[in-house]
Amino acid sequence: MSINKKEIAAGFLMLLIGVAALLIVSDYNIGSARRMGPGYFPLILSGLLSLVGVLIIVTGVKSDAKSLPNVSWRPMLVIFISLIGFMLGMYLGGLLPAIVLTIAISSLADKKSTWKDVLLLAGLVPLAAWLIFNQALSLPIPFLEWRF
C-alpha cells in the first residue's frame, strides 16, 4: 500500500472547503425538502463536497502514484495580490482603475509577458467591460469615480 500525497492534499482541501461551507450555512434557514429555505441547497452542496473530499482522501491512501510536484508560488501569490488590487481599485476609483490595476499586477505572474501585451489588455479589457456592463446591460457599476 502506498500513499498518493497529491490526492490526499486535494481531498483535504475539498474537505476543508466543504466543512467551512457547512459552518457558514449552519446559520441559514434550512427549511424542509418540501419547502426549501435559502440554506437548503448550499447545505446539500457543502455536504457533497465534504463527502467527495473524504472519498478522494481514501483513494489517495490506496493508490500508487508520485509525491507532490514542486509548486511555483510566485504566480499564485501575484494573482491573489491582483484580486486585492481589483477590490481596492473598485472601491477607490471604479471599474476602469480596478481592471487596469488587476491586469498590471497579474502580468507579473508570467515571466514571458511583455509591456506591449499589458498595455493592449489594459486598453481593450476596460473598453469591453464598459461596453458590456454599462452600455449593453445598463448595470450601475461606476466606471470612473474617485473616492479620495
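Residues numbered from 1 in each chain as written. Predicted model: local features only at pLDDT ≥ 70, side-chain atom pairs only at ≥ 80, totals over all residues. Heavy atoms only, no water.

**Observations concerning the overall build of the protein**
Alright, step 1. A count of helices and strands for the protein gives 5 helices and 0 strands.
Alright, step 2. Along the chain direction, N to C, the helices and strands of the protein fall in the order α-α-α-α-α.
Alright, step 3. Along the three orthogonal principal directions, the C-alpha set of the protein runs to about 55 × 50 × 30 Å.
Alright, step 4. Taking the intrachain contacts of the protein between residues at least 6 apart in sequence as the baseline, contacts between residues at least 24 apart amount to 66%.
Alright, step 5. Accessible area for the protein stands at about 10,700 Å²; split by element, carbon and sulfur atoms hold 74% of it.
Alright, step 6. Seen as two clouds, the 11 positive and the 6 negative side-chain charges of the protein have centres 3 Å apart. (Helix = DSSP H or I, 4+ residues; strand = E, 2+ residues; numbered from the N terminus. Contact = heavy atoms within 4.5 Å. Areas by Shrake-Rupley, 256 points an atom, 1.4 Å probe, with all protein chains shown as cover. Lys, Arg positive; Asp, Glu negative; His and termini not counted. Charge placed at Lys NZ, Arg CZ, Asp CG, Glu CD.)

**Quick notes on the nonpolar core**
Note on soluble globular proteins: their nonpolar side chains tend to be buried together.
Alright, step 1. With 6 residues, the main nonpolar core is built from Leu 95, Ile 99, Ile 103, Val 118, Ala 122 and Ala 129.
Alright, step 2. Looking at this core, the elements with two or more residues in it are α4 (95-106) and α5 (115-136).
Alright, step 3. In this structure, Val 118 is in contact with Ile 103, Ala 104 and Ser 107, ignoring residues within four places of it in sequence. (Core = buried A, V, L, I, M, F, W, Y, C linked by side-chain atoms within 4.5 Å. Buried < 20%, exposed > 50% of the residue type's maximum accessible area, 1.4 Å probe, protein only.)

**Thoughts on unusual backbone geometry**
Alright, step 1. Of note, the phi angle at Ser 138 is positive, near 55°, even though the residue is not glycine.
Alright, step 2. With respect to the helices, strands and loops of the structure, Ser 138 is situated in the segment after α5.

**Focus: the environment of Met 90**
Alright, step 1. With respect to the helices and strands, Met 90 occurs in helix α3 (residues 73-92).
Alright, step 2. Overall, the relative accessible area of 24% leaves Met 90 in the partly exposed class.
Alright, step 3. The spacing of Met 90 and Leu 101 is 11 residues in sequence and 9.8 Å in space, taken between C-alpha atoms.
Alright, step 4. Not counting residues up to four positions away in its chain, the partners in contact with Met 90 are Leu 95, Ala 98 and Ile 141.

**A word on the side chain of Ser 107**
Alright, step 1. Examined against the element boundaries, Ser 107 turns out to sit in the loop between α4 and α5.
Alright, step 2. Side-chain polar atoms of Ser 107 contact the backbone oxygen of Ala 104, separated by 2.7 Å.
Alright, step 3. In this structure Ser 107 touches Ser 113 and Val 118, once residues within four positions along its chain are discounted. (Polar contact = N/O pair within 3.5 Å; in protein donor to acceptor, adjacent residues only side chain to side chain.)

**Topic: the packing of aromatic side chains**
Alright, step 1. In this structure the tally under the stated criterion is 1 aromatic pair.
Alright, step 2. An angle of 55° between the planes, with centres 6.4 Å apart, marks the rings of Trp 130 and Phe 143 as tilted. Of this pair, Trp 130 sits in helix α5 while Phe 143 sits in the segment after α5, and the two are 13 residues apart along the sequence.
Alright, step 3. Trp 130 sits in the partly exposed class, given a relative accessible area of 31%.
Alright, step 4. For Phe 143, a relative accessible area of 21% puts it in the partly exposed group. (Phe/Tyr/Trp six-rings, centres within 6.5 Å; stacked < 30°, edge-to-face > 60°.)

**Here we look at α5**
Alright, step 1. Over its 22 residues, α5 extends 30 Å from the first C-alpha to the last, a length consistent with the 32 Å expected when each residue adds 1.5 Å.
Alright, step 2. When α5 is considered as a whole, its buried residues turn out to be Val 118, Ala 122, Pro 126, Ala 129 and Asn 134.
Alright, step 3. Against the buried residues of α5 lie α4. (Expected span 1.5 Å × (residues − 1).)

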